[in-house]
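A look at the structure
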Amino acid sequence: MAHSYTNLLYHVVFATLERRPLISGEFASRLYEYLGGIVRGLGGISLGVNGAEDHVHMLAKLHQDLAVSEFVEKVKSNSSGWAENVAGGFAWQRGYSAFTVSESQVEKVRRYIANQQIRHKRVTFEEELQSLLRAHHIDFKPEYLLR
């Protein structure tokens, strides 16, 4: 086969250091745009970026030559440097969650990401993350979840 054909769709979630409420207002909009730019710079396609004051959700199509762990590392390191310069005192928490997304579910995940502010009026980030992990059948220990 002469070419490789892939459709590597991921829903990625990561939080600010100590889940500090650092993402809001104009800074949030600029950060989401910047994150989308990083995705494009890595050869991917940004399909949605949004979040709440203490975390971000991204839906992205990754280039086949980039592992998801390397993708997240580059997104977080590039954006934290930019955010530190723009807002000061900014850093991401170490871990992340990444979930594969079927093409048939892209619009559903896009809506989910777009409605973050509404969702977090009634659900905490911890509750949301636990729900996502359970939905994807990922075992976790609640006491270690957000450290």
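Whatever comes next refers back to the structure up there.
Overview of the structure. Since we're looking at a predicted model, the values are computed, not measured.

1. A closer look at helix 3 (residues 106-114)
Listing the buried residues of helix 3 in full gives Val106, Val109 and Ile113. Down the axis, helix 3 shows its buried residues gathered within 65° of arc, on one side only.

2. Things to note about the nonpolar core
Within the largest apolar cluster, 24 residues are counted, with the highest numbers of intra-cluster contacts made by Ile23, Leu31, Leu35, Val56, Met58 and Phe71. Ranked by the residues each element gives to this core, the list is headed by helix 1 (residues 25-41), at seven residues. The residues contacting phenylalanine 71, other than those within four sequence positions of it, are Val12, Val39, Leu42, Met58, Ala60, Leu62 and Leu66. Among the nonpolar cores identified, the runner-up in size contains nine residues, and Val13, Phe125, Leu129 and Leu145 belong to it.

3. As for the pairing of strand 4 (residues 97-100)
Along strand 4, the buried face is formed by Ser97 and Phe99; none of Ala98 and Thr100, which line the opposite face, is buried. Pairing analysis gives four bridges linking strand 1 (residues 8-15) to strand 4, with the strands arranged antiparallel. Bridge pairing in strand 4 places tyrosine 10 opposite threonine 100.

4. So, the environment of leucine 62
By the element assignment, leucine 62 lies in strand 3 (residues 55-62). Considering only alpha carbons, one finds leucine 62 and aspartate 139, 77 residues apart in sequence, at a separation of 25 Å.

5. Here's the deal with helix 2 (residues 68-87)
End to end, helix 2 covers 27 Å across 20 residues, agreeing with the expected 28 Å (1.5 Å per residue, within 8%). Taken together, the buried positions of helix 2 are occupied by Phe71, Val72, Val75, Lys76, Ser79, Ser80, Trp82 and Ala83. Those residues of helix 2 that are buried are in contact with strand 1, helix 1 and strand 3. Phi for glycine 88, located one or two positions after helix 2, is positive at around 70°.

6. Here's the deal with the pairing of strand 1
Taken across its eight residues, strand 1 has seven buried, putting it largely inside the fold. The sheet contact formed by strand 1 and strand 3 spans eight bridges and is antiparallel. Within the sheet, the bridge partner assigned to histidine 11 lies in strand 3 and is leucine 59.

7. Remarks on the packing of aromatic side chains
The geometry of an aromatic ring pair comes down to the distance between the two centres and the angle between the two planes. Tallying each qualifying case throughout the model produces five aromatic pairs. For the pair tyrosine 34 and tryptophan 82, a centre-to-centre distance of 4.6 Å together with 15° between the ring planes defines the contact as stacked. Within this pair, whereas tyrosine 34 is found in helix 1, its partner tryptophan 82 is found in helix 2, the two being separated by 48 residues in sequence. A relative accessible area of 32% places tyrosine 34 in the partly exposed class. Take tryptophan 82: its relative accessible area is 16%, and that puts it in the buried class. Centroid distance phenylalanine 90 to tryptophan 92: 4.9 Å. Interplanar angle 90°. Geometry classified as edge-to-face. Each member of the pair phenylalanine 90 and tryptophan 92 is classed as buried.

About the criteria used
- One numbering rule holds for all chains: residues counted from 1, following each sequence as written.
- It should be noted that, the model being predicted, local features are given only for residues of pLDDT at least 70 and side-chain atom pairs only at 80 or more, the latter also being counted only at that level, while totals for whole chains, interfaces and linings use all residues.
- Excluding hydrogens and water, the side-chain figures rest on all heavy atoms present in the structure.
- Burial status follows relative accessibility: with a 1.4 Å probe on protein chains alone, a residue under 20% of its type maximum counts as buried, one over 50% as exposed, and anything between as partly exposed.
- Strands here mean DSSP runs of E at least two residues long; helices mean DSSP runs of H or I at least four residues long; both are numbered from the N terminus.
- Throughout, the arc means the angular range of directions from the helix axis out to the C-beta atoms.
- For our purposes a nonpolar core is just a set of buried Ala, Val, Leu, Ile, Met, Phe, Trp, Tyr and Cys residues, chained together by side-chain atoms within 4.5 Å.
- Should any heavy atoms of two residues lie within 4.5 Å, those residues are considered in contact.
- Two strands qualify as a pair provided that DSSP identifies no fewer than 2 bridges between them.
- Take the number of residues in a helix, subtract one, and multiply by 1.5 Å to get its expected span.
- Any two rings among Phe, Tyr and Trp, with Trp reduced to its six-membered ring, count as a pair given centres within 6.5 Å; such a pair is stacked if its planes are under 30 degrees apart, edge-to-face if over 60, and tilted if neither.

Bear in mind that shape data such as this cannot, by itself, settle questions of function.
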